[in-house]
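What follows is each chain in one-letter form.
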Amino acid sequence: MKRQLLIPVALVASLSVLGLAGCQAATSAPTPASSLAAGSGTSTATVLPVNSNPIVNASTAPGLTILSAAAEDNVDPATKAAIDDRLQVTVRNDTTSELSSFETYYVMTDVTTGQSEAYYQALTGFTLAPGATTTLSFDGESGPGHYPENTFSIYRSSKNQVDFTIEVSAAGVQVANATATKGSGAGDAAD
């Protein structure tokens, strides 16, 4: 009699252990870089390099302009005071409609070694009013307009010149492109 009771109990216990193991395996999968992007620019998560550009935007309609891009000698857009180096991209909406569904993709290349890294972020929740201009900062700080960065990237670790190619995309308008350069040297030291 005890043996007949033990078999169903052992079977249920085995299935429960397998189910829990399956749930554990499902939750330990790595998070894609794009899901680490800060929705409102308030996250300090780190983004990881990507192998290719996931932006799919075939629009040829003008309307999004990158006014400037900088990777060193940065200034605060509001106070115009010097701030720590970061990738900073100032964009303008030249349309009569609000722009949304922003994405950015940038490639950084160490000019001396040829090593490069690419990063993608969906700027979830970010919108730009008609005629408005704003600055996007990829610095890991919190607050509107600030997005995560990889603090172990070539940009942060190389003492060589690092060149950036940058794409910013919004729904319904052509992708905007820019370049920026961090000169050789360490951090905010004079180049």
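S.K.: Could you give an account of unusual backbone geometry, naming the residues involved and the relevant values?
M.R.: Backbone geometry places aspartate 73, a non-glycine residue, at a positive phi of 50°. Mapped onto the fold, aspartate 73 is located in the loop between strand 1 (64–70) and strand 2 (87–93). By relative accessible area, which is 64% here, aspartate 73 ends up exposed. Not every positive phi belongs to a glycine, and serine 101 is a case in point at roughly 55°. Structurally, the position occupied by serine 101 is in the loop between strand 2 and strand 3 (103–110).

S.K.: Break down the pattern of salt bridges for me, with residues and values.
M.R.: Within this structure, the stated rule accounts for four salt bridges. Here arginine 86 makes a salt bridge to aspartate 139, at a shortest N to O gap of 2.4 Å. In this pair, arginine 86 sits in the loop between strand 1 and strand 2 while aspartate 139 sits in the loop between strand 5 (133–138) and strand 6 (146–147), placing the two residues 53 residues apart along the sequence. Exposure remark for aspartate 139: the relative accessible area of 11% places this residue in the buried category. Salt bridges sharing common partners tie together Arg86, Asp139 and Glu141.

S.K.: Which residues make up the pairing of strand 4 (residues 116–122), and what values go with them?
M.R.: Counting buried positions along strand 4 yields six of seven residues, so the element is predominantly enclosed. Where strand 3 lies against strand 4, seven bridges are found, and the strand directions are antiparallel. Bridge pairing in strand 4 places glutamate 103 opposite alanine 122. In sequence, strand 3 turns back onto strand 4 through a hairpin of five residues, with glycine 114 there showing a positive phi of about 80°.

Parameters and conventions
- Residues numbered from 1 in each chain as written.
- Predicted model: local features only at pLDDT ≥ 70, side-chain atom pairs only at ≥ 80, totals over all residues.
- Heavy atoms only, no water.
- Helix = DSSP H or I, 4+ residues; strand = E, 2+ residues; numbered from the N terminus.
- Buried < 20%, exposed > 50% of the residue type's maximum accessible area, 1.4 Å probe, protein only.
- Salt bridge = Lys/Arg side-chain N within 4 Å of Asp/Glu carboxyl O.
- Pairing = 2+ DSSP bridges.

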